[in-house]
Amino acid sequence: DNCPHLHPPSPPALHALRTPELWSCRVCSSTDGVWCCLTCGHVGCGRRALHPALGGGHSRHHYQTMAAQQRSTRNVSAQAQAAGSSDGSASDSNSAGGHHEVC
């Protein structure tokens, strides 16, 4: 009934979605097939962007970067828990800093 991968867009994402002036890739400025990250509001071009010479697929790159950071954070947190760390130095992937869903 309640899928853990479905959550409402964050305030920065809602702002990006409601502001057409922001509907261009933050990396290459392409307006072709842009995607908005519902976690942080990053807007990036799709893999079929009209400007492949500029890179294209910046939304996918954002997702991959955030997924790698999330995995790294989880590993650090798990290592700290295994070591019995109680000083709170390890960060949780669900902290207020943002959580990018990785399926």
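Engineer: Help me understand the overall build of the protein, please; the structure alone is not making it clear to me.
Structural biologist: Counting its secondary structure elements, the protein contains two helices and two strands. The secondary structure elements of the protein, listed N-terminal to C-terminal, are α-β-β-α. Here the protein holds 103 residues, and 28% of them are scored as buried. In the protein, the proportion of contacts linking residues at least 24 apart, taken out of those at least 6 apart, comes to 37%. Per element, the accessible surface of the protein, about 7,200 Å² overall, is 55% carbon and sulfur.

Engineer: Looking at this model, I keep getting lost on the side chain of S10. Mind explaining?
Structural biologist: Position of S10 relative to the elements: it lies in the segment before α1 (11-18). Residues within four places of S10 in sequence aside, it is in contact with L38, T39 and C40.

Engineer: Can you help me understand the environment of L38 in this one?
Structural biologist: Looking at the element boundaries, L38 is found in the loop between β1 (35-36) and β2 (43-44). The contacts of L38, once residues within four sequence positions are left out, are P9, S10, A13 and L17.

Engineer: Hey, could you run me through the environment of V43 in this one?
Structural biologist: Structurally, the position occupied by V43 is in strand β2. Discounting residues that sit within four places of it in the chain, V43 has contacts with A16, L22, W23, S24, C25, R26, V34, W35 and C36.

Engineer: Looking at this structure, I do not really get unusual backbone geometry. What am I missing?
Structural biologist: It is generally the case that most residues other than glycine have a negative phi and that most peptide bonds are trans. Although it is not a glycine, S29 adopts a positive phi angle of roughly 70°. Here S29 shows up in the loop between α1 and β1. When its relative accessible area of 54% is taken as the criterion, S29 is described as exposed.

Engineer: How should I be thinking about the confidence of the model for the protein in this particular structure?
Structural biologist: Segments scoring low in pLDDT should not have their predicted coordinates read at a detailed level. Confidence in the prediction of the protein, expressed as mean pLDDT, is 74, and 71% of residues score 70 or more. Ranking the elements of the protein by mean pLDDT puts helix α2 (residues 58-82) last with 78 and α1 first with 92. Counted against residues more than four places away or in other chains, residues 88-97, with its pLDDT under 50, gives 12 contacts.

Engineer: Is there a simple way to think about the state of the cysteines in this case?
Structural biologist: Think of a disulfide as a covalent bridge from one cysteine sulfur atom to another cysteine sulfur atom. Counted by the stated rule, this structure contains zero disulfides. Sulfur of C25: no disulfide; nearest cysteine sulfur belongs to C28 and is 3.8 Å away. Here C25 falls in the buried class, since its relative accessible area comes to 3%. C45 forms no disulfide, and the closest cysteine sulfur to it belongs to C28, at a distance of 3.8 Å. Note on C45: relative accessible area 0%, which makes it buried.

Engineer: Before we go on, may I ask you to explain α2 in this structure?
Structural biologist: Each α-helix winds once per 3.6 residues, and so residues spaced three or four apart point in a common direction. For α2, spanning 25 residues, the distance from its first C-alpha to its last is 36 Å, which sits close to the expected 36 Å at 1.5 Å a residue. Here α2 has its buried residues at H58, S59, H62, M66, A67, Q70, S77 and A80. As for α2, its buried residues are in contact with β1 and β2.

Thresholds, definitions, all that
- Residues numbered from 1 in each chain as written.
- Predicted model: local features only at pLDDT ≥ 70, side-chain atom pairs only at ≥ 80, totals over all residues.
- Heavy atoms only, no water.
- Helix = DSSP H or I, 4+ residues; strand = E, 2+ residues; numbered from the N terminus.
- Buried < 20%, exposed > 50% of the residue type's maximum accessible area, 1.4 Å probe, protein only.
- Contact = heavy atoms within 4.5 Å.
- Areas by Shrake-Rupley, 256 points an atom, 1.4 Å probe, with all protein chains shown as cover.
- pLDDT = per-residue confidence, 0-100.
- Disulfide = S-S within 2.5 Å.
- Expected span 1.5 Å × (residues − 1).

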